[in-house]
Amino acid sequence: MHYLQRPVTRRAFLTSTLAAAGLGGIVAYGAEQWPLPAPTISPSPPVSLAPANGFAPLALVTDPAPHPDFTAYLGEILRAEGFLGLRQISLRQLDRPIAAAVIVLGSTPLSLDSQGWLRQFVSAGGGLVAIRPDPALAEVLGVRYLGASQIDDTCNPAPITGIAGPLQIHAVYDRVELRGAEALATASNGDPLVTIHRFGLGTAALWTFDLAQTIALIRQGNPAWANQERDLMEGLRASDLFVGWINLERIAIPQADEHQRLLSRVIDEISPLPLPRLWYLPDNAPSAIIATGDAHGSRVNHIEQLLAIVEQHGGTASIYYTPPPANASGRLARKLRWTLSRTPLIGSALGGADSLPGPHHVAAWRDRGHEFGMHPYIEDGLEEGYYRHWSEFLKLGYGPLPPTVRTHRILWHGWVDNAIVQARYGIRMNLDHYHSGPAVRKPDGTWTMGYLNGSGLPMRFVAEDGTIIDVYQQATHLVDEHLMPVFQTGYDVGLDGATAANQTIGQIAASIDRYPAALGLQCHVDPFLIGDPIAGEVAHWLDTTLSYAAGANMPIIAAERWLRFIEARNTSDLCNIEWNGQRLRGTITTPSTPLPLTVLLPDKHRNARLRTVTFADGEAATQRREIAGRLYRVIRLTSGQQQLIADYAS
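The shown structure was predicted, so the numbers you read here are calculated from the model rather than taken from an experiment. (Residues numbered from 1 in each chain as written. Predicted model: local features only at pLDDT ≥ 70, side-chain atom pairs only at ≥ 80, totals over all residues. Heavy atoms only, no water.)

### Here we look at the pairing of strand β17 (residues 468-473)
β17 sits mainly inside the fold: six of its six residues count as buried. Covered by surrounding structure in β17 are Ile468, Asp470 and Tyr472 together with Ile469, Val471 and Gln473, the residues of both alternating faces. The pairing of strand β15 (residues 429-430) with β17 spans two bridges and is parallel. Bridging from a neighbouring strand, Asn430 pairs with Gln473 of β17. Here four bridges tie strand β16 (residues 459-462) to β17, and the two strands are oriented antiparallel to one another. Note on β17: the bridge partner recorded for Phe461 is Ile469. (Buried < 20%, exposed > 50% of the residue type's maximum accessible area, 1.4 Å probe, protein only. Helix = DSSP H or I, 4+ residues; strand = E, 2+ residues; numbered from the N terminus. Pairing = 2+ DSSP bridges.)

Following this line, the structure appears as structure tokens:
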């Protein structure tokens, strides 16, 4: 008997074959959807500071001033420095008493009532940090304004501050002369840039330049150079924003971080009570490695080779993956192989012994603590590239999309355009600011190591008008393709694995000794695909570097786990604060996190020294740590609410 048969498409054949084999579960690997729904149109705004209600140890004055206004970024800086109990007050509240220990004020015009109240606040014992403020506060600040502004590149902190310098400032500053104040930092011509002044029973500190904007410019580069090719490498990268902007003689200093630490040091000095702060890193670690690896069409065994080295040192890693291109039928064929590979007894023969990563591999890696995210190509456009790779990621069943990312070839648009687009996809951390290429090579041919964006700490991006973008900038500092000829680009130092490890260990050692940092590490998966000799050199570099870090008690963590720690740290709080001159009492609230938070208390406040720290379950063990020349006690926190009692005595 003859039957009239319709032609069978490849897609229909694969679908029917799966059904006949009882393997219809392929749908669990991500159904084809044409088109997939678009991501959220607008990113959600970052959490703002809570308003002052009762006593606030640290209060930031906010004002709906015309943009650009970097007051909100000052809040990000104070969060990054770990200050607990940070609150906001409006400018309109400065005409009445505010219960606060230290007030941080930006450059906003002040009414006569506000001027009078701030004068009274400091005179009665409060602390004031004024960031390029209204000159009407000159007497309180102990300076006389000379009626002129000047541009300078250099900030020289005084040795007493414990801050490494000189630091770049990229800013206009107001010229002042000292009238009772003491200079804590000066310009290259000796002009005061940061001062401190005892006024009545309190203390006022002055920054003659916009500190928040300066830190943003150090971290994010020169916005005037957006979309300009400056680093000699084909393609616009984040590094193009830094060529001729970062002084390569100072790149070994995390300059933005040192500016922040000077601010923290001054706040500690002028506060009428000891201010608890959270340490930058998990469990009092001296520094951390944020381990990542870009992978371009790599197979499972190549990824496993990298993860095996990371796991050998007790770490987790983020893999940013670009799958080989495929159309709809190609994706279905790939899903078929993944499903067949899991068939008992004959799986390896049916699915292939050297497979591309399938959703079951991704799920297993995530169960082991690793992150598996996308690595989008944006050569044809930022929006187009992110949408296409997001769609492919979900269609292959790799979802949900993790919250961190690195863009292929670290291509960058605008000043912060990448971050704006990433926020729409729920991405919360970006690792595109990347130490490699001619941007970090001196004119004499010497290659540098250090901090391209002046920082070893993650902070949210800020737009040119001062708007905070809810995506953290986490730099990538230790890069395989910068040190070794991974891709034969001609823009690498050309080291072997052992010598490259010496370079990265040197930077890690400096961070432990002086500059606490979360050092982003990039080890491509591609060398393991390429094979020896480069695979062996890269493996030796990675193993030696991580061995040193682990031996120094540095956590080696995937970017996603690091982000979760930062979020827990930034949402911790301190309330119900009391201080009687000897005993500090307050309630600390910390979210649940697998990476423990630690709180810092000044070992000495004024003429009193910290004797004991007690929680509800008894006296807490403390360790000691020095930051910017000041000694602190470090206490491990548990999740939830706990009452802190710190006793000081003369």
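### Digging into the sheet that holds β15
In spatial order, the strands read β14-β15-β17-β16; together these four strands make up an open sheet with mixed pairing. Unpaired on one side and paired on the other, β14 (404-405) and β16 mark the two borders of the sheet.

### Examining the packing of helix α2 (residues 71-80) against helix α6 (residues 255-270)
At a closest axis distance of 10 Å, the pairing of α2 and α6 adopts a crossing angle of 80°. By the angle between their directions, the pair α2 and α6 is classed as roughly perpendicular. Facing Ile77, Leu78 and Ala80 of α2, the residues of α6 in contact are Gln260, Leu263 and Ile267. Looking at the contact of α2 with α6 residue by residue, the class counts come to five nonpolar, one polar and no charged. (Axes fitted to C-alpha atoms, helices over the stretch in contact; angles between N-to-C directions. Parallel < 35°, antiparallel > 145°, perpendicular 65-115°, else oblique. Contact = heavy atoms within 4.5 Å. Nonpolar A, V, L, I, M, F, W, Y, C, P; charged D, E, K, R; others polar.)

### So, the nonpolar core
Counting residues in each nonpolar core, the largest one holds 170 residues, and the members touching the most others are Tyr73, Trp207, Ile289, Leu306 and Trp541. Counting residues per element, this core draws most heavily on helix α16 (residues 534-551), at seven residues. The residues contacting Trp207, other than those within four sequence positions of it, are Val129, Ala130, Ile131, Arg132, Pro133, Leu193, Val194, Leu262, Leu263 and Val266. By size, the runner-up hydrophobic cluster in this structure holds 27 residues, among which are Val61, Ile98, Val176 and Leu206. (Core = buried A, V, L, I, M, F, W, Y, C linked by side-chain atoms within 4.5 Å.)

In short, geometric facts, not functional conclusions.
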